[in-house]
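Spelled out, the chains give:
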Amino acid sequence: MNVGTPASGAPAMAGPGQRLDASNGENGGFAWSRALLALSAELRSRGLAARIDDAVGAVDAADRASARRTQRAVLRPHRGRLWWWLRWAGEPTAAARHIPLAPATETARAAQRIARLLARG
């Protein structure tokens, strides 16, 4: 299957029966649930609070010192592979959009970038 970035820049959930997390050379069989657990564990190892939202395939990270500073990463298709997408709110009046963060298998890279964003405040 070849899945690309939606034209709107909004990630789309894979439909029922699609196997983006099936074992193949591109994503190594990295299942959605494993990816959620791996990112959550990686964020916690960096001193952040992490909460998994199974319903939408997302992990919410928060700075333990300030629960107001949170960052959401969603797991979605990107160029035929599973990727972490970063929810980017931008300006307060603008609708939130998502940008590609890192492949689902690269949880350390994704967690590092999220931690840097939260540290900036």
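First things first, this report covers the structure right here in the doc. Each chain carries its own residue numbering, running from 1 in the written order of its sequence. Since the coordinates come from a predicted model, pLDDT governs what is reported: local features require at least 70, and pairs of side-chain atoms require 80 or more to be given and counted, while whole-chain, interface and lining totals use all residues. The basis for the side-chain values is all heavy atoms of the structure; hydrogens and waters are excluded.

## Observations concerning the overall build of the chain
Alright, step 1. In this text, helices come from DSSP runs of H or I with a minimum length of four residues, and strands from runs of E with a minimum of two, each type numbered from the N-terminal end. What the chain contains, in helices and strands, is two helices and five strands.
Alright, step 2. Written out in order from the N terminus, the α and β elements of the chain read α-β-β-β-β-β-α.
Alright, step 3. Residues counted as buried form 41% of the 121 residues belonging to the chain.
Alright, step 4. In the chain, 38% of the contacts between residues at least 6 apart in sequence involve partners at least 24 apart.
Alright, step 5. Only the protein chains shown count as cover for residues, and all accessible areas are computed by the Shrake-Rupley method using a 1.4 Å probe. As displayed, the chain has an accessible area near 6,800 Å², and 49% of this comes from carbon and sulfur atoms. Accessibility here uses a 1.4 Å probe with only protein chains present; expressed as a share of the type maximum, an area under 20% marks a residue as buried, one over 50% as exposed, and anything in between as partly exposed. In this description, contact between two residues means that some pair of their heavy atoms is separated by no more than 4.5 Å.

## Re the pattern of salt bridges
Alright, step 1. Basic side-chain nitrogens of Lys or Arg form a salt bridge, by our definition, when they fall within 4 Å of a carboxyl oxygen of Asp or Glu. The final tally for this structure, using the stated rule, is six salt bridges.
Alright, step 2. One salt bridge in this structure joins Arg-72 and Asp-53, with 3.2 Å as the shortest N-O distance. Of the two residues, Arg-72 is situated in strand β3 (residues 66-78) and Asp-53 in strand β1 (residues 48-53); the sequence distance between them amounts to 19 residues.
Alright, step 3. What makes Asp-53 buried here is its relative accessible area of 17%.
Alright, step 4. Asp-60 is the salt-bridge partner of Arg-72, the closest N and O atoms lying 2.6 Å from each other. Of this pair, Arg-72 sits in strand β3 while Asp-60 is found in strand β2 (residues 58-63), placing the two residues 12 residues apart along the sequence.

## Overview of the packing of helix α1 (residues 32-45) against helix α2 (residues 107-120)
Alright, step 1. Between α1 and α2, whose axes approach to 9 Å, the crossing angle comes to 50 degrees. Regarding the angle of α1 to α2, the classification is oblique. Two packed elements cross with a definite hand, and for α1 against α2 that hand is right-handed. Of α2, the residues touching α1 (which contributes Ala-35, Ala-38, Leu-39, Glu-42 and Leu-43) are Thr-107, Ala-108, Ala-110, Ala-111 and Ile-114.
Alright, step 2. Polarity classes work like this: nonpolar for Ala, Val, Leu, Ile, Met, Phe, Trp, Tyr, Cys and Pro, charged for Asp, Glu, Lys and Arg, and polar for all others, with Gly in that last group. Each residue belonging to the contact of α1 with α2 can be placed in one class, and the counts come to eight nonpolar, one polar and one charged. In this analysis, axes come from line fits to C-alpha atoms, helices being fitted only over the stretch in contact, and the angle between any two N-to-C directions falls in the range 0 to 180 degrees. In this scheme, roughly parallel covers angles under 35 degrees and roughly antiparallel covers those over 145, while 65 to 115 is roughly perpendicular and the rest are oblique. Crossing chirality is assigned from the near helix's rotation relative to the far helix, an anticlockwise turn below a right angle marking it left-handed and a clockwise turn marking it right-handed.

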